[in-house]
Amino acid sequence: MRIGVVAASSAANPDVVAPVSALAAIAYPEVDLVFHPQCFAQAGHFAGSDAVRAAAFVGYANDPSLSAIWFVRGGYGSNRILADALPRLNDAARAKTYLGYSDVGFLLAALYARRIGHPVHGPMASDIGRKGGDETVARALGWMARRDRAALEPGLAGQPSIALNLSILSALIGTPWLPDLADHVLIVEEVSEAMYAIDRMLFTMANATQLRGIAGVRLGAVTAVKPNEPDWGETLEAMMERWCRDLHVPFLGRAEIGHTQANRVVPFGLV
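Residues numbered from 1 in each chain as written. Predicted model: local features only at pLDDT ≥ 70, side-chain atom pairs only at ≥ 80, totals over all residues. Heavy atoms only, no water.

Engineer: Teacher, can you tell me more about the overall build of the chain here?
Structural biologist: Per the secondary structure count, the chain includes 9 helices and 10 strands. Relative to its length of 271 residues, the chain is compact, with a C-alpha radius of gyration of 18 Å against a globular reference of 18 Å. Overall size of the chain, expressed as C-alpha extent along the three principal axes, is 50 × 40 × 40 Å. Classification of the 271 residues of the chain by burial places 56% in the buried group. (Helix = DSSP H or I, 4+ residues; strand = E, 2+ residues; numbered from the N terminus. Rg over C-alpha atoms; globule rule 2.2 N^0.38 Å. Buried < 20%, exposed > 50% of the residue type's maximum accessible area, 1.4 Å probe, protein only.)

Engineer: Mind showing me how you'd approach the nonpolar core here?
Structural biologist: One recurring pattern in soluble globular proteins: nonpolar side chains tend to sit buried together. Grouped together as the largest cluster of nonpolar side chains are 62 residues, with contacts concentrated most on F57, F71, Y98 and L211. Looking at which element gives the most residues to this core, the answer is helix 5 (residues 105–113), with 7 residues. If we ignore the near neighbours within four places in the chain, the residues touching Y98 are F57, A61, I69, F71, A93, L108, L111, I116, G117, H118, P119 and V120. Ranked by size, the runner-up nonpolar core spans 38 residues in total, among them A12, C39, V185 and V266. (Core = buried A, V, L, I, M, F, W, Y, C linked by side-chain atoms within 4.5 Å. Contact = heavy atoms within 4.5 Å.)

Engineer: What exactly am I supposed to notice about the side chain of Q38 here?
Structural biologist: Following the sequence through the fold, Q38 ends up in the loop between strand 2 (32–35) and helix 2 (50–61). Engagement of the side chain of Q38 in a polar contact is seen with the backbone oxygen of A47, the distance being 2.9 Å. Leaving out residues up to four positions away in the same chain, Q38 has contacts with V6, A7, A47, V52, R53 and A56. (Polar contact = N/O pair within 3.5 Å; in protein donor to acceptor, adjacent residues only side chain to side chain.)

Engineer: I'm lost on the environment of I187 in this one. Help?
Structural biologist: As for its position among the elements, I187 is in strand 7 (residues 185–191). When its relative accessible area of 0% is taken as the criterion, I187 is described as buried. Between the C-alpha atom of I187 and that of S161, which follows or precedes it by 26 residues, the distance is 7.2 Å. Excluding anything up to four places from it in sequence, I187 contacts L156, S161, I162, A163, L164, R218, G220, A255, I257 and V266.

Engineer: How do you make sense of unusual backbone geometry when you look at a structure like this?
Structural biologist: Negative phi characterises most residues that are not glycine, and trans characterises most peptide bonds. That bond from E229 to P230 is cis: its omega, 5°, falls within 30 degrees of zero. Tracing the backbone shows P230 in the loop between strand 8 (216–223) and helix 9 (236–247). For D183, which is not a glycine, the phi torsion comes out positive at approximately 70°. Along the chain, the position of D183 falls in the loop between helix 7 (166–172) and strand 7. Positioned with a positive phi, H248 is a non-glycine residue whose angle comes to about 65°. Tracing the backbone through its elements, the reader meets H248 in the loop between helix 9 and strand 9 (251–254). A relative accessible area of 70% means that H248 is categorised as exposed.

Engineer: Sorry, what's going on with the sheet that holds strand 4 (residues 97–100) here?
Structural biologist: Sheet strands pair via backbone hydrogen bonds, and the direction of the pair is either parallel or antiparallel. Ordered in space as 2-1-3-4-5-10, the 6 strands form an open sheet in which the pairing is mixed. In this open sheet, the two strands that pair with only one neighbour each are strand 2 and strand 10 (266–267). Pairing of strand 3 (residues 68–71) with strand 4, which is carried by 3 bridges, proceeds in the parallel orientation. Each bridged residue has a counterpart across the sheet, and for I69 the counterpart in strand 4 is Y98. Each of strand 3, strand 4 and strand 5 (118–121) is contacted by helix 5, which is oriented at about 145° to strand 5, the strand it contacts most. Helix 6 (residues 133–146) contacts strand 1 (2–6), strand 2, strand 3, strand 4, strand 5 and strand 10 of the sheet and is inclined by roughly 165° relative to strand 3. (Pairing = 2+ DSSP bridges. Axes fitted to C-alpha atoms, helices over the stretch in contact; angles between N-to-C directions.)

Engineer: So what exactly am I meant to see when it comes to helix 2 here?
Structural biologist: Since there are 3.6 residues in each turn of an α-helix, residues three or four apart along the chain are aligned in direction. Taking 1.5 Å of rise per residue, the 12 residues of helix 2 would be expected to cover 16 Å, and the 16 Å separating its terminal C-alpha atoms lies within 8% of that figure. Restricting attention to buried positions, one finds in helix 2 the residues R53, A54, A56, F57, V58, Y60 and A61. (Expected span 1.5 Å × (residues − 1).)

So this is what it looks like as structure tokens:
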């Protein structure tokens, strides 16, 4: 199984190649990881210009010799290539698994909205650098190579789900790139935001007409929270309950996803 690795957003550290490739060779010998040189390009904030990133993604997505696209890292920028890249995808692209999270949620959501391939929220290649990163990355490889159900977020059974970073969801609302999520459980996570900013994004979620009809909301990890002055004085769970009441859906509790070592796999739709 050949898996293409690309960067839709920010550039990756070249040091990621050796440890991820070694892990794949030992634990998943059927996998051949193919890193696109564009993963390590640099154009200001980005892994190459918008055109370069779009071309790398489209080239690998349309390659029938590749079974999956694995995003090397997040950052920012995948939203800037949607209008260029998605109309150029072919039948080979429609058969692939696409796996990543964070900023890559823009692409995953847009693919799901157009029923292109099999988008999956899960660990990226650069997560090998986390403490316990081998275990984290193994979940992504295990799902792509073997559909290993041990990699899955444990609360998915029986209901279509989608997982997104909350700030990415907020940016997608009101655009044509947000999929129809009727009857889906929406799982959100966040990193490096203050509580007031999280509350503001939950306001957008709770009042988005595009989200009417979802089945409920779950909350993944919220990490590296920036300090509030004065103290915010409300728990995350209380915030979720409050905004879910406004959305008229249940808050369904916590989920094992996020910018953490414990990030688990969430295929979009029904497992």
